[in-house]
Amino acid sequence: MIKQIQKILIANRGEIAVRIARACRELGIRSVAVYSDADKTAYHVRMCDEAYHIGESPSAKSYLVQDNIIRAAKASKAEAVHPGYGFLSENAIFAKRCTDEGLIFIGPRPETITVLGDKIEARAMAVAARLPVVPGTTIDEKDISKAKEFAVKIGFPVLIKAAAGGGGKGMRVVDALDQFDESLKSASSEAKSAFGDGRVFIEKYLLQPRHIEIQILCDTHGNYLHLNERECSIQRRHQKVIEESPSPVMTEELRHKMGQAAVDIAKRAKYVGAGTVEFLVDKDGSFYFLEVNTRLQVEHPVTEMITGLDLVKEQIAIAEGKKLGFAQNDVTINGHAIELRIYAEDPDEGFAPSTGVLKNYRPPAGPGVRVDAGVVIFSEIPIFYDPMIAKLVVWGKNRLEAIARAQRALDEYRISGVKTTIGFHKTVLAHPRFLAGDFSTRFLSEEYPDNRYSPYDADLAEKAAIASSLDKFLSDRRISVGAGNGHSKEQSLSPWTAVHRKNSLKQFRGSR
Amino acid sequence: MPRYTVTIDEHEFDIHLDFATGNSGKLQATVNGRNCLVESYPLGTRQSGESRMLMLVDNHTAEVDVRNSETYGEKSVLISGIEIPVTIEDYSLAQMRKTAGTTLGHAVETTLKAPMPGMVLHIKVSPGDKIKKGETLVVIEAMKMENSIKAKADGTVKSIHIETGRSVEKGDRLVEFI
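Residues numbered from 1 in each chain as written. Chains lettered and ligands numbered in written order. Predicted model: local features only at pLDDT ≥ 70, side-chain atom pairs only at ≥ 80, totals over all residues. Heavy atoms only, no water.

## So, the layout of surface pockets
Residues and elements named next belong to chain A.
Part 1 of the reasoning: The calculated volume of the second largest pocket comes to roughly 420 Å³.
Part 2 of the reasoning: The wall of the second largest pocket is formed by 22 residues, among which Ile104, Phe105, Thr220, Ile318 and Ala319 lie closest to the centre.
Part 3 of the reasoning: If you list the elements that add at least two residues to the lining of the second largest pocket, you get α4 (92–100), β5 (104–105), β13 (273–281) and α11 (311–319).
Part 4 of the reasoning: Ranked by the residues each element gives to the lining of the second largest pocket, the list is headed by α11, at three residues.
Part 5 of the reasoning: Class assignment for the residues of the lining of the second largest pocket results in 12 nonpolar, seven polar and three charged. (1 Å grid on protein atoms, 1.4 Å probe; cavity = no way out; pocket = protein on both sides within 12 Å on 5 of 7 lines; lining within 4 Å. Points joined across faces, edges and corners; volume = space filled by probe spheres on them. Helix = DSSP H or I, 4+ residues; strand = E, 2+ residues; numbered from the N terminus. Nonpolar A, V, L, I, M, F, W, Y, C, P; charged D, E, K, R; others polar.)

## Side note on the sheet that holds strand β6 (residues 60–68) of chain B
Residue and element names in this part refer to chain B.
Part 1 of the reasoning: On the basis of which strands lie adjacent, the closed barrel formed by eight strands has the order β1-β2-β3-β4-β5-β6-β7-β8 and antiparallel pairing. Pairwise comparison of adjacent strand axes, ignoring direction, gives a mean angle of 35° for this sheet.
Part 2 of the reasoning: Summarising the sheet, strand β4 (residues 34–42) and strand β5 (residues 50–57) pair through five bridges and their orientation is antiparallel. Bridge pairing in β5 links Pro42 to Met53.
Part 3 of the reasoning: Across the sheet, helix α1 (residues 91–100) touches β1 (3–8), β2 (11–19) and β8 (82–90), and the angle it forms with β8 is around 80°. (Pairing = 2+ DSSP bridges. Axes fitted to C-alpha atoms, helices over the stretch in contact; angles between N-to-C directions. Contact = heavy atoms within 4.5 Å.)

## Some remarks on the interface of chain A and chain B
The figure often quoted for interface size is the accessible area lost as the parts come together.
Part 1 of the reasoning: Each partner contributes residues to the interface: chain A has 65 residues there, and chain B has 68 residues.
Part 2 of the reasoning: Counting the surface lost from both chain A and chain B, the interface buries some 5,600 Å², and carbon and sulfur atoms represent 60% of this.
Part 3 of the reasoning: The largest share of the area that chain A buries against chain B comes from Arg414, Tyr456 and Lys472 of chain A, three residues that together contribute 12% of it.
Part 4 of the reasoning: Viewed at the interface, chain B and chain A are joined by six salt bridges.
Part 5 of the reasoning: Note that Asp65 of chain B and Arg414 of chain A form a salt bridge whose closest N and O atoms lie 2.9 Å from each other.
Part 6 of the reasoning: Linking chain A with chain B are 14 residue pairs in polar contact (both at pLDDT 80 or more).
Part 7 of the reasoning: Breaking the side of chain A that touches chain B down by element, the ones donating at least two residues are α8 (180–195), β17 (352–353), β19 (360–362), α12 (399–412), β23 (414–416), α13 (422–429), α16 (458–476) and α17 (495–509) of chain A.
Part 8 of the reasoning: Taken together, the residues of the side of chain A that touches chain B break down into 27 nonpolar, 19 polar and 19 charged. (Buried area = accessible area lost by both parts, 1.4 Å probe. Salt bridge = Lys/Arg side-chain N within 4 Å of Asp/Glu carboxyl O. Polar contact = N/O pair within 3.5 Å; in protein donor to acceptor, adjacent residues only side chain to side chain.)

## Side note on the pattern of salt bridges
When the charged atoms of two side chains lie near each other, side chains of opposite charge can form a pair.
Part 1 of the reasoning: Using the criterion set out here, one finds 63 salt bridges over all chains in the structure.
Part 2 of the reasoning: Asp372 of chain A is the salt-bridge partner of Arg370 of chain A, the closest N and O atoms lying 2.9 Å from each other. Of the two residues, Arg370 of chain A and Asp372 of chain A, neither departs from the other in class, the shared state being buried.
Part 3 of the reasoning: A salt bridge links Arg52 of chain B to Asp65 of chain B, with the nearest nitrogen and oxygen atoms 3.6 Å apart. With Arg52 of chain B in strand β5 and Asp65 of chain B in strand β6, this pair connects stretches of sequence that are 13 residues apart. (Buried < 20%, exposed > 50% of the residue type's maximum accessible area, 1.4 Å probe, protein only.)

## Topic: the confidence of the model for chain B
Residue and element names in this part refer to chain B.
Part 1 of the reasoning: Taken residue by residue, chain B gives an average pLDDT of 87. The fraction at 70 or more is 95%.
Part 2 of the reasoning: For chain B, strand β13 (residues 145–150) is the element with the lowest average pLDDT, namely 80, and β1 is the one with the highest, namely 96.
Part 3 of the reasoning: The complex model carries a pTM of 0.85, and its ipTM stands at 0.78. (pLDDT = per-residue confidence, 0-100.)

## Some words on the side chain of Ser62 of chain A
Part 1 of the reasoning: Relative to the assigned elements, Ser62 of chain A resides in the loop between β3 (50–55) and α3 (66–76).
Part 2 of the reasoning: Contacts of Ser62 of chain A, omitting those with residues within four sequence positions, involve Ser36, Ile54, Gly55, Glu56, Ser57, Ile69 and Tyr385 of chain A.

Pasting the structure below:
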């Protein structure tokens, strides 16, 4: 049964809410934004057709409050809810609630989210679908001695992960037995505060793995497709910062095997919608199932750039009950795409969040450049949410062109008011190992152990020195050039001409 | 005409500004003994504490935002997508400072300030503790992440100015060292 959706409530904020609103507008679907106190004038609100206030600034009092979101959906007469990523996107109770209230939840069925969202159950399902998994075990909190024994048996380092985890939260690498208790405690407490579920498990920590994931797309008619891989090995604190597709190490054979594995677990889970099957790939090309993300990923644009598909539109079509309009053989790879996550963080201070108002914001443009942002100039990066400013996505006919284009776009980007990761990206993209595609998830910690991402650039430093001298000279003399007075002829003059004239005038009058 | 000492990442620039000959509106800059012609055009309205300009150094273009920090003489310059912290002093004052043997920057830093707003989760040190560079001093939860604030240098803790469970603003004093 096909139901044409007329109006979608977007239960999210920031760039992903803007991204979804754009797809809606292109499809002629009306979009409904929800917003917290901090987001009253946020860009996603401006980009939607309607907007409903859903509570106070902390997400636990707004974007995570199911009642308020359902109420907004009812009030706006939306027929469907798109959860984006994060917040309620992988919350099975919310998905079921939507369905029970007669709303279409744009995502997999609640049962699928429950099973795959629990990393312990997902592992079991992967094993049942004959996918290779990393050695691991669950941890009984009342008797952690067994888990310790297991850790000793498989050998350190081991990884402690939250069953309900995601985004690196509730995850700890344990290098030796004596750190086990403390790591377990902090992983569990972080998981409890972030997800309300402190259950954790341990896995063998592969030393040099790559993180490669497969995008899947499944309709309600039994069609299960994969849309190739995304290479996401450049991570800090287990959070992806640079993603690309295709992976520089992928072979046609491995892609086929991993794609098939992803489709196998999707079939087993009777998956519906867009999803991502994450794998770790070892140096020898063997791969291990990691988890399934039952939502749209942050990094979905790199897949869109190389396949020419619009994943949000595909999600909506699937939710409407339509059949996928293409087959596995139709999915191609055109060129190379790279995504750089631009965060309001200070890389030289251990990526500490940097909140504030964007005093200047001008994104790059031009051939092969796409910027998905939830901000514009004078937007505020609030303390309450993820500090991502934008995703800079570039396309090139091959990897080298994409990298050169990314560097060019980073040069063009102008953001002031908060610290950003732009300089970090420029440094990493220029690293010989990145250029060679020779890296693992350990790349950043191996190559930048001191978190020093700002190498000294003599040419830029000299220009900065001159610029600061000019600025000091001008401000010390209190010469305002073009400030406020739109009628002043001096506005269009070089400040030097202005200074010169004022100086001459002073001399002429004989005063100091 | 002004002469400045600019320090960037321990590199020093001796910059002398003067008007260029003729009424060209350009400026003559001498940077570590090298002469160049400089032009600058403001971009948009000047905001408090920040100016934007198109700068030409011997006809080489650079779009720059110069922002003043709260500390006098410290600015940050946004250029080619990256932000460069700069310390600028009058040349004569810098000479006096050097004669007095005072160095710039972090060597005399005795206060640990909150690098971000958030909530104090753990305080790992007490007054009197000897600390090593890289040691975790305080853990602050911000944006749902636990951020370990580490010691930038070896030292001894003098006093603690925060409590577990309390929220801090960016720049708040956390720990004082001797």
